[in-house]
Amino acid sequence: MALAIKAEGIFKTFRSGWWSKRKKEVLKGINLQIEEGEIFGILGPNGAGKTTLLSILSTLLLPDRGKIQILGIDGLQNGHRIREKVNISSGNANFLWSLTVRENLHFYGMLYGLTGKGREEKVETLIGLFDLEGYQNVPFDQLSTGMKQRLSLAKSLLNDPKILFLDEPTVGLDPEISVRIREKIRLIQKEKGMTILLTTHNMREAEYLCGRIAFLKEGEILAMGSA
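Here we come to the packing of aromatic side chains. Think of a pair of aromatic rings as described by two things: how far the centres are apart, and how the planes are tilted against each other in angle. Counted by the stated rule, this structure contains 3 aromatic pairs. Between Phe95 and Tyr108 the ring centres are 5.4 Å apart and the planes differ by 80°, which places this aromatic pair in the edge-to-face class. Note that Phe95 is positioned in the loop between strand 6 (86-90) and helix 3 (101-111) and Tyr108 in helix 3, a separation of 13 residues in sequence. Residue classification places Tyr108 among the buried residues on the basis of a relative accessible area of 18%. Ring pairs connect the aromatic residues Phe95, Phe107, Tyr108 and Phe140, which therefore count as one cluster. Lying across the ring of Phe11, Arg65 places its NZ or CZ 3.8 Å from the centre. Sitting above the plane of the Tyr108 ring, Lys155 keeps its charged end 6.0 Å from the centroid.

Right, let's talk about the environment of Leu129 for a bit. Position of Leu129 relative to the elements: it lies in helix 4 (residues 116-129). By relative accessible area, which is 21% here, Leu129 ends up partly exposed. In this structure, the C-alpha to C-alpha distance between Leu129 and Ser144, residues 15 residues apart in sequence, is 18 Å. Those residues in contact with Leu129, other than ones at most four positions away along the chain, are Leu157, Lys184 and Ile188.

Turning our eyes to something else, we now look at the sheet that holds strand 2 (residues 22-35). Strand pairing in a sheet takes place through backbone hydrogen bonds and is either antiparallel or parallel in direction. Strand order in this open sheet of 4 strands is 2-1-4-5, and the pairing throughout is antiparallel. One side of each edge strand has no neighbouring strand; the edge strands of this open sheet are strand 2 and strand 5 (73-74). In this sheet, strand 5 lies alongside strand 4 (residues 65-70) in antiparallel orientation, the contact comprising 2 bridges. By the bridge assignment for strand 5, Ile70 is matched with Ile73. Packed on one face of the sheet, helix 1 (residues 50-57) meets strand 1 (3-16), strand 2 and strand 4 and runs near 60° to strand 2.

Another aspect to go through is the pairing of strand 1. Note that strand 1 and strand 2 share 11 bridges and pair antiparallel. Residue pairing across strands places Lys12 opposite Leu27, the latter belonging to strand 2.

This part covers the packing of helix 3 against helix 4. Relative to each other, helix 3 and helix 4 sit at 135°, their axes nearing to 10 Å. As summarised for this structure, helix 3 and helix 4 are arranged oblique, according to the angle between their axes. The crossing of helix 3 and helix 4 is right-handed. Here Arg102, Leu105, His106, Gly109 and Met110 of helix 3 lie close against helix 4, whose contacting residues are Arg119, Glu120, Val123, Glu124 and Ile127.

Another point: the pattern of salt bridges. Opposite charge on two side chains permits them to pair, given that their charged atoms come into close proximity. For the structure shown, the criterion picks out 11 salt bridges. Between Arg102 and Glu120 there is a salt bridge, and its shortest N-O distance comes to 3.1 Å. With Arg102 in helix 3 and Glu120 in helix 4, this pair connects stretches of sequence that are 18 residues apart. For Glu120, a relative accessible area of 32% puts it in the partly exposed group. Here Lys122 makes a salt bridge to Asp160, at a shortest N to O gap of 2.7 Å. With Lys122 in helix 4 and Asp160 in the loop between helix 5 (145-155) and strand 7 (163-167), the pair connects residues that are 38 residues apart, well separated along the chain. With a relative accessible area of 19%, Lys122 lands in the buried category. The class of Asp160 is partly exposed, set by a relative accessible area of 43%. One salt-bridge network, held together by shared partners, links Arg102, Glu120 and Glu124.

Calculation notes
Residues numbered from 1 in each chain as written. Predicted model: local features only at pLDDT ≥ 70, side-chain atom pairs only at ≥ 80, totals over all residues. Heavy atoms only, no water. Phe/Tyr/Trp six-rings, centres within 6.5 Å; stacked < 30°, edge-to-face > 60°. Helix = DSSP H or I, 4+ residues; strand = E, 2+ residues; numbered from the N terminus. Buried < 20%, exposed > 50% of the residue type's maximum accessible area, 1.4 Å probe, protein only. Lys NZ or Arg CZ within 6 Å of the ring centre and 35° of its normal. Contact = heavy atoms within 4.5 Å. Pairing = 2+ DSSP bridges. Axes fitted to C-alpha atoms, helices over the stretch in contact; angles between N-to-C directions. Parallel < 35°, antiparallel > 145°, perpendicular 65-115°, else oblique. Left-handed = near helix turned anticlockwise from the far one by under 90°. Salt bridge = Lys/Arg side-chain N within 4 Å of Asp/Glu carboxyl O.

Right, dumping it as structure tokens:
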């Protein structure tokens, strides 16, 4: 099958401090190949570099060195083209706090270039898909953590992405809500056939959702294979 994501030799170092610069090497030569249509998991503890890797692959962050291809497009030279074809949902959802669920979806729909009746239909579909009907007029800052997660997932489908990046999509949720979110993710992938790359530190979640899993620790992939 064709590759949706290809990463070669990805390194990333962060620097902090004012007088004496401190360096932390977060990613240390990551190599990754993900096929179109698969759900691939990055499993690792907090601080392993999972979010940094996802940010680089989704073109939100540049690596220090290495090569990236997303859907056959050079990720370092054509990030704007890639961002039209991908989307991302974070486990720590952060939206405009005073806008309602519906208003937030319309706002991001406008940013993705959706207009008129097409945007209205897309928002209605996503509100129904994630069972947000009873919360569509609730401001974001009044939503529970679980509802914020559903809104984040709904937002990530506004542009019908070919690749969906999920950064710890069930972090902080109680077990029952986590199960529902996972079922939604599997349903979406099955219906749309999109490629999904998710990060998690939950081994059961990785086993349930992912065809292949990579173990990431201290910026290095230690192992990769099926559950």
